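Below are the chains, spelled out letter by letter.
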Amino acid sequence: MHMIAVGGSDAGISAALRAREVDPGAEVTVVVADAYPNFSICGIPYYVSGEVTHWRNLAHRTTADLEAAGMTLRLDTTARRIDVPGRKLHVTGADGAEELLAWDQLVIGTGAVPARPPIAGLDALGPADGVHLLHSMDDTFAVMRTLEETGPESAVIVGAGYIGLEMAEALAARGLAVTQVEQLPAVLPTVDPQLGALVRAQLEDHGVSVLSGTTVREISPGGAGAPAGLRVDATAGSQPVTLHAGLVLVVTGVRPETSLAASAGAALGAKGAVSVDKAMRTGLPGVYAAGDCTVTHHRLLGETYLPLGTTAHKQGRVAGENAAGGDREFAGSLGTQVVKVFDHAAARTGLRDHEAAAAGFDPVTVAWEADDHKAYYPGSHRIAMRFTGDRQTGRLLGLQLFGHKHAEIAKRVDIAAAAIYSGLTVDEISDLDLSYTPPLGSPWDAVQAGAQAWTRHAGLA
């Protein structure tokens, strides 16, 4: 059996590795459009900041590691067209030569590409001018060239989602004066505004200027006598806003890269992503798809589009196992996410109140605060929580957290993710046997204290 995985990031590599585990005799080829297979795109901000000291450290595995696992890597090779009846993949190599690769099973893991908002000048200006998108290693090198060769003193970041916040911290760490512009009313719009306000305070406490409710209209050269090389024109309501910066970074989300799959006849679903079943089958014979190019099965919402690295790894593993003759299904996502913002972290899993209502639940959301460990032991921190549960059944639907980076925010949101996955009620969280020692926790963990507050408020105590 010869399996080809198109894409050298999370989904493609996970599929290749799993296929080799299931069938050690399988021939597995990975077609990679660039020279950087299995690199951590999520780690890019920490290379830009200098915390990761060399870009090669972003590789989950080296090329030698991947080849030792039994796969053939075709680097700098672009997949052009899939011949489904003939089971051939048309590719173009780095030298421009075209080639046909035969396959028995094919996994499409083409990922996502940066969304390009309708900003005048964005198509005309590029990295050479100091205007950047950020989604690949080549994008990263372009940002580093601007930082090292032109030495900008200021930056404007368009977008205040996860990557935008991480890059604000990274550029601030390099000494740039950073202005963050977000079109929506609050930063980190994937959490409730009450927690978004806490995130904003962290940014401002560390010198980042934040403009929310502000839409960027145009990016243009600063012109003679301008305080910096680039001019950014925006509007806040009806008020014009003009900013000047040496570097502009546009990070306003991604869209699925589906051209290869769609041209082969694959159906598209939510947000234009490739439609797959839980076995990651596209409906085309022998063709699977996984990762950021595909729809996401959400355990509470059904089909949606939620591009996350963790999801891509899981989907790729399912696709690779099934391509090698297995029978596995993707268990579903809850959108569990965490982001570090300077000294603090924000996290969420499951549904927020309005999302739960739209999905047909009867949600109640309760805010609570608790210490991360016993307050009498030095160094305790308060954790802000927002619990969402169903009024009728008491089922836990979602949790949002914000607290100090040493308050185990990520692990505490994971407790809630496991509880939602298992279908627990909010009240049942109190029954979980969680660890305790005064320097690290309390007899009732902070998450359990929040769950009890929700139960009291909802009248289910």
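Residues numbered from 1 in each chain as written. Predicted model: local features only at pLDDT ≥ 70, side-chain atom pairs only at ≥ 80, totals over all residues. Heavy atoms only, no water.

## Description of the sheet that holds strand β14 (residues 230-236)
This is how the line gets drawn: When DSSP finds two or more bridges between a pair of strands, those strands are recorded as paired. Under the scheme used here, helices are H or I runs from DSSP no shorter than 4 residues and strands are E runs no shorter than 2 residues, and both carry numbers assigned from the N terminus. In this analysis an axis means a line fitted to C-alpha atoms, helices contributing only their contacting stretch, and an angle means the value between N-to-C directions, from 0 to 180 degrees.
Strand order in the open sheet formed by three strands is β13-β14-β15, with antiparallel pairing between adjacent strands. Each having just a single partner strand, β13 (214-221) and β15 (239-245) make up the two edges of the open sheet. Taken pair by pair, the neighbouring strands of this sheet meet at an average axis angle of 25°, ignoring direction. As paired strands, β13 and β14 are joined by seven bridges and run antiparallel to one another. Residue Val216 lies in a different strand from β14, and its bridge partner there is Ala234.

## Description of the nonpolar core
Note the cut-off: Within this scheme, the nonpolar core is defined by two criteria: the residues are buried Ala, Val, Leu, Ile, Met, Phe, Trp, Tyr or Cys, and they are joined through side-chain atoms within 4.5 Å. Burial here depends on accessible area, computed with a 1.4 Å probe over protein chains only, as a share of the maximum for the residue type. Under 20% is buried, over 50% is exposed, and the range in between is partly exposed.
Residues Met3, Met71, Ile82 and Leu89 are the most contacted members of the largest nonpolar core, which totals 51 residues. Trp55, Leu134, Leu147 and Val339 belong to the second-largest nonpolar core, a separate cluster that totals 41 residues.

## Re helix α11 (residues 446-457)
Cut-off, in case you're wondering: Helix span, as expected, comes to 1.5 Å for every residue beyond the first. Any N or O atom pair separated by 3.5 Å or less is treated as a polar contact, with the protein-specific requirement of one donor-capable and one acceptor-capable atom, and with residues adjacent in sequence counted only for side-chain atom pairs.
Between the first and last C-alpha of α11 there are 17 Å, a value that for 12 residues agrees with the 16 Å anticipated at 1.5 Å per step. Summarising burial for α11: nine of the 12 residues are buried, a large majority. For α11, the capping residue at the N-terminal end is Asp445, with a side-chain oxygen 2.9 Å from the backbone nitrogen of Val447. Count one or two residues on from α11 and you reach Gly459, which has phi positive near 75°.

## Topic: helix α10 (residues 409-421)
The end-to-end C-alpha separation of α10 is 18 Å, in line with the 18 Å expected for 13 residues at 1.5 Å each. Remark: Gly423 follows α10 within two positions and exhibits a positive phi of approximately 75°.

## Considerations on the pairing of β14
By the criterion of burial, β14 is predominantly enclosed, with five of the seven residues buried. As defined by bridge partners, β14 adjoins β15 across seven bridges and the pair is classed as antiparallel. From the neighbouring strand, Thr235 faces β15, where its bridge partner is Pro240. Connecting the antiparallel pair β14 and β15 is a turn made up of two residues, with Gly237 showing a positive phi of about 70°.

Scope: geometric values only; no functional claims are made or implied.
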